[in-house]
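Structural overview
Single-letter residue listing:
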Amino acid sequence: MVPAVSTTTARACANIALVKYWGKRDARLNLPAAGSLSLTLDALVTTTQVTFDPALADDELVLDGAPARPGELARTRAFLDLVRAAAAITTRARVVSKNEFPTASGLASSASGYAALAVAAAGAAGIALGPRALSILARQGSGSAARSLFGGFVRMHAGRADDGSDAFAEPLGSPLTTRVRMVIAVVGGGAPKTHGSRDAMEHTAATSPLYRAWLELVPRDLAAAEAALAAGDLAQLGAITEGNALAMHASALAARPAVVYWQPATLAALAEVRALRAGGHVAWATMDAGPHVKVLTTADDATGVAAAMRKVPGVTEVSISAAGGPATIVAAGAP
Ligand code: PMV
């Protein structure tokens with residue numbers, strides 16, 4: 001039992017995978033079937049305050065100023081249970097989480113959300129976990145959250161152990177870290193509700209004839225991406241990034257029934273990225289479990305790429321991110 005009220009606030013940046021995580025080897029522990037590689041982004045930040053309070057009868061979750069829906073609260077409660085078990089406490093918690101994302105971007109915030117929650121909850125519960133243990137904890141909230149513990153380029157290990165003790169992320173240094181930018185083109189306008197990544201990756205693994213080929217591709221793309229990062233070869237990294245995203249979507253498109261995340265504007269944005277490249281710009285596209293297009297580019301090219309994306313019909317909002325830093329505690333102590 002935490003004797004008194006105890007609060008910690010943490011912030012974490014979202015990340016975008018350049019080599020995607022798409023498929024699990026264990027659904028309960030969120031163990032990935034393959035590794036992944038991402039870039040943490042400084043413009044997409046979640047700040048989360050966790051307060052363990054003996055006066056609370058149940059956990060509470062406030063997301064962007066409003067009480068969370070029951071499903072979101074249940075997922076957070078299950079995550080807090082992991083922290084309570086590790087700290088040998090039963091105290092309930094109030095979680096107040098705020099996303100500083102481009103307005104109404106519809107971008108997934110589970111990576112930054114669970115990374116910030118892991119750091120804040122462990123801190124408030126009084127358990128001292130190192131970055132690797134925090135990555136393993138965050139992974140159990142959302143697979144991609146394991147990567148948001150770290151800044152810059154990050155490698156997630158699939159691991160082999162049944163208990164997930166070797167399925168964690170770690171940062172990868174690269175001469176490209178300060179040079180790269182990610183332009184985020186939000187595709188809006190009447191998009192039907194997309195399939196959540198959790199269900200969609202399970203459905204792809206169960207029904208897609210291309211899933212096996214996808215799993216064979218990932219280790220090759222990871223090795224080539226790591227070599228490109230070490231060599232500072234952005235053209236090579238970009239080619240892997242775009243090819244890997246298209247392969248992930250191909251596996252999902254081939255599921256039965258199909259998982260289709262793209263809108264017409266997604267393909268228009270993709271065509272613009274290829275035209276920019278043909279025109280001599282550095283621009284490589286990636287897409288996740290939604291219609292938005294993220295463009296890997298350089299500090300020098302980012303403004304021009306963003307301007308071109310703004311002109312694509314159906315793109316409603318465009319922002320530029322540099323590489324973000326690791327998840328950190330921003331305040332601790334009594335509320
Ligand atoms: O962490 P989840 O369960 O939201 O899955 C993330 C899935 C993708 O964003 C599509 C790929 C990735 O590696 O982030």
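Preceding block: the structure.
Below is a short write-up of the structure.

All right, on to empty space enclosed by the protein then. In this structure the tally under the stated criterion is one cavity of 30 Å³ or more. The calculated volume of the largest cavity comes to roughly 40 Å³. Lining of the largest cavity is provided by Y21, N30, P32, A34, G35, S36, G143, R147 and M156. For the lining of the largest cavity, the class distribution of residues is four nonpolar, four polar and one charged.

This part covers the layout of surface pockets. Roughly 180 Å³ of volume is contained in the second largest pocket. Around the second largest pocket, the lining residues are A27, R28, L29, N30, R75, A78, F79, L82, Y114, Q140, G141 and R198. Among the secondary structure elements, those contributing two or more residues to the lining of the second largest pocket are α1 (70–87) and α3 (131–141). Ranked by residues supplied to the lining of the second largest pocket, first place goes to α1 with four residues. In the lining of the second largest pocket, the residues fall into six nonpolar, three polar and three charged.

Before going further, it helps to examine the site of the ligand. Lining the immediate surroundings of the ligand are 13 residues, of which Y21, S142, S144, R147 and S197 lie closest. Note that an oxygen atom of the ligand is positioned 3.5 Å from one of the side-chain N or O atoms of S110. R147 has a polar side-chain atom sitting 2.7 Å from an oxygen atom of the ligand.

Its place among the elements puts P313 in the loop between α8 (302–310) and β13 (315–321). The sequence separation of P313 and T266 amounts to 47 residues, and the corresponding C-alpha distance is 9.7 Å.

With antiparallel pairing, the four strands of this open sheet are ordered in space as β11-β12-β10-β13. In this open sheet, the two strands that pair with only one neighbour each are β11 (284–286) and β13. The average undirected angle you get between the axes of adjacent strands in this sheet is 25 degrees. Bridge analysis of strand β10 (residues 180–187) against strand β12 (residues 293–298) gives six bridges, and the strand direction is antiparallel. Its bridge partner lying in β12, R181 is registered against T297. Taken strand by strand, helix α6 (residues 234–253) contacts β10, β11 and β12, and its axis lies near 35 degrees from that of β11.

Thresholds, definitions, all that
The written sequence of each chain sets the order in which its residues are numbered from 1. Local features in this predicted model are restricted to residues whose pLDDT is 70 or higher, and side-chain atom pairs enter the listing and the counts only when it is 80 or higher, whereas totals over whole chains, interfaces and linings include all residues. Heavy atoms from the whole structure form the basis of all side-chain values; hydrogens and water molecules are not counted. A 1.4 Å probe that fits but cannot get out identifies a cavity on a 1 Å grid over protein atoms alone, an open set with protein on both sides within 12 Å along at least five of seven lines counts as a pocket, and a residue lines either if it has an atom within 4 Å of a point. Grid points are joined across faces, edges and corners, and a volume is the space filled by probe spheres set on the points. Following the grouping adopted for this structure description, the nonpolar residues are Ala, Val, Leu, Ile, Met, Phe, Trp, Tyr, Cys and Pro, the charged ones are Asp, Glu, Lys and Arg, and the polar ones are all others, Gly among them. Secondary structure elements follow DSSP: runs of H or I of four or more residues count as helices, runs of E of two or more count as strands, with numbering from the N terminus. By convention in this text, a residue qualifies as near a molecule or strand provided that one of its non-hydrogen atoms is within 4 Å of it. Whenever a nitrogen or oxygen atom comes within 3.5 Å of another N or O atom, the pair is scored as a polar contact, on the condition that within protein one atom can donate a hydrogen and the other can accept it, and that pairs from neighbouring residues in sequence are kept only if both atoms are in side chains. Here, a strand pair is defined by DSSP locating no fewer than two bridges between the strands. Whenever a helix is involved, its axis is fitted only over the stretch in contact; in every case the axis is a line through C-alpha atoms, and angles between N-to-C directions fall within 0 to 180 degrees. In what follows, a contact means two residues having at least one pair of non-hydrogen atoms within 4.5 Å.

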